[in-house]
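Residues per chain, in single letters:
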Amino acid sequence: MSAAIELAAGVSGSLGSIGYGLAAIGPGIGVGIIFGNGTQALARQPEAAGLIRANQILGFAFCEALALIGIVMPFVFGK
Amino acid sequence: MSADQTQLAFDWSCRILSDNGCGFPAPGLHSFLFEPLATIGGFEFNKVMLLALITTLLVVAFFWAAFGKAKVVPGKLQMIGEAGYDFVRRSIVYETLGKREGEKWVPLMVSLFFFIWIMNIWSVIPLAQFPVSSVIAFPAVLAAIVWLVWVGLTFKRHGFVGFFKNITGYDKSLGWVLPLVMVIEFFSNLIVRPFTHAVRLFANMFAGHLMLVMFTVASWYLLNSWLIPAAGVSFVMTMFMIVFELFVQAVQAYVFVLLACSYIQGALAEHH
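Residues numbered from 1 in each chain as written. Chains lettered and ligands numbered in written order. Predicted model: local features only at pLDDT ≥ 70, side-chain atom pairs only at ≥ 80, totals over all residues. Heavy atoms only, no water.

### Regarding the UniProt feature "domain: V-ATPase proteolipid subunit C-like" (unreviewed entry) in chain A
Thinking step 1. Sites flagged by UniProt as "domain: V-ATPase proteolipid subunit C-like" (unreviewed entry) map to residues 18-75 of chain A.
Thinking step 2. Along residues 18-75 of chain A, the helical share is 91% and the strand share 0%, with 15 Å between the first and last C-alpha atoms. (UniProt positions renumbered as here; feature names shortened; annotations may be inferred. Helix = DSSP H or I, 4+ residues; strand = E, 2+ residues; numbered from the N terminus.)

As structure tokens, then:
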């Protein structure tokens, strides 16, 4: 365990990019689920296309916002 | 911060493999700061404010020209205006608020939609090339307007006690978890909601502008000796990003207005 901590302390450079990579995992999964299920819903019930598309885009925006906040945060907190 | 940096957002003479040994001039916060164009009595008037002003005039002038003298058989301009108005009315307001309640909110939502959309579109218009909504103040004020509207409406509809019941999601059937739910709902509705509402638009435009600037700067930076093909790739990416941004701009305006409508719907809903 202490060896791992020592190793982690030695890491330097552009850590923000690694952090953003981690932050993008969740929204990536979320967007995938939304569009996957949205397409399925469209295939099952094509007549509800308008309603499904509106909710799909809404869900997409909710998820995507998390990834975008990840982009902005390094600028807020600086170096 | 030099005027050069804020105007051009990068060092003009900097190229890869050149002798002066400068690194890639990455875009950062300095791409969002502008030297004032004019100072009027201590008030600094910069490019962002100018664009916002033009946006306002443009939206007002367009709808004035389209509907100022509305005819039964519409002309070309009125046709476009009606198409835009009808799009917001049918696909956003009616879908969320319904026909009876929604009609009253159509004007607000139409103005919000077109104002935000045009503020976003400046991002890809030559010479302007800066999305006004990537400055947090603009989305923050718009979100504050929507917040005031729905909070006020909730008070008006439900009264003082009803307001808190509506905001905290009061529901007796939840039993012992009710206090916890109420606290979480209270904070998420009153404080987190307007924050994310503004930040969603802001962050989208901020990130989009950064990407555009990065690929544009990179296509210039790589334009040297054997790396010229790489500059070509970067230039193609710039073009691709412009098309993608056009899509994102429309989606963000749509989402902002859709969320505003769904908040108002929450205010109108009867609690049970």
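There's plenty left to go through after this.
### Some thoughts on the packing of aromatic side chains
Residue and element names in this part refer to chain B.
Thinking step 1. This model, assessed by the stated rule, comprises 22 aromatic pairs over all chains.
Thinking step 2. Residues F113 and F114 carry aromatic rings whose centres are separated by 5.2 Å and whose planes lie at 85° to one another, so their mutual orientation is edge-to-face. Taken as a pair, F113 and F114 share a single burial class, namely buried.
Thinking step 3. With centroids separated by 5.8 Å and ring planes inclined at 90°, the aromatic side chains of F186 and F187 adopt a geometry described as edge-to-face.
Thinking step 4. Three or more aromatic residues link up through ring pairs in this structure, and these residues are F62, F63, F67, Y85, F87, F113, F114, W117 and Y254.
Thinking step 5. Over the ring of W150 we find R193; its NZ or CZ atom is 4.8 Å from the centre of that ring. (Phe/Tyr/Trp six-rings, centres within 6.5 Å; stacked < 30°, edge-to-face > 60°. Buried < 20%, exposed > 50% of the residue type's maximum accessible area, 1.4 Å probe, protein only. Lys NZ or Arg CZ within 6 Å of the ring centre and 35° of its normal.)

### Quick notes on the UniProt feature "transmembrane region" (unreviewed entry) in chain A
Residues and elements named next belong to chain A.
Thinking step 1. When the UniProt feature table is mapped onto this chain numbering, "transmembrane region" (unreviewed entry) sits at residues 17-36 and 57-77.
Thinking step 2. The distance separating the terminal C-alpha atoms of residues 17-36 is 28 Å; by composition the span is 95% helix and 0% strand.
Thinking step 3. Here residues 57-77 is 100% helix and 0% strand, with 30 Å between the C-alpha atoms at its ends.

### Quick look at the interface of chain A and chain B
Thinking step 1. Counting residues at the interface gives 13 residues for chain A, matched by 17 residues for chain B.
Thinking step 2. Between chain A and chain B, roughly 1,400 Å² of surface is buried when both sides are summed, and carbon and sulfur atoms account for 81% of that area.
Thinking step 3. The interface formed by chain A and chain B includes 0 salt bridges.
Thinking step 4. The tally of links from chain A across to chain B stands at 2 residue pairs in polar contact (both at pLDDT 80 or more).
Thinking step 5. Across the side of chain A that touches chain B, the residue classes tally to 12 nonpolar, no polar and 1 charged. (Contact = heavy atoms within 4.5 Å. Buried area = accessible area lost by both parts, 1.4 Å probe. Salt bridge = Lys/Arg side-chain N within 4 Å of Asp/Glu carboxyl O. Polar contact = N/O pair within 3.5 Å; in protein donor to acceptor, adjacent residues only side chain to side chain. Nonpolar A, V, L, I, M, F, W, Y, C, P; charged D, E, K, R; others polar.)

### With respect to the pattern of salt bridges
Opposite charge on two side chains lets them pair, provided their charged atoms get close.
Residues and elements named next belong to chain B.
Thinking step 1. Applying the stated rule across the entire model yields 4 salt bridges over all chains.
Thinking step 2. R89 serves as the salt-bridge partner of E103, at 3.6 Å between the closest nitrogen and oxygen. Placement of E103 in the loop between helix 4 (99-102) and helix 5 (106-121) and of R89 in helix 3 (residues 76-97) is noted, with a sequence separation of 14 residues between them.
Thinking step 3. E101 is the salt-bridge partner of R157, the closest N and O atoms lying 3.3 Å from each other. Residue R157 is found in helix 6 (residues 137-168), and its partner E101 is found in helix 4; the two are separated by 56 residues along the sequence.
Thinking step 4. Taking relative accessible area as the criterion, R157 reaches 39% and is therefore assigned partly exposed.
Thinking step 5. Ionic contacts of the salt-bridge type, sharing partners, join the residues D86, R89, R90 and E103 into one network.

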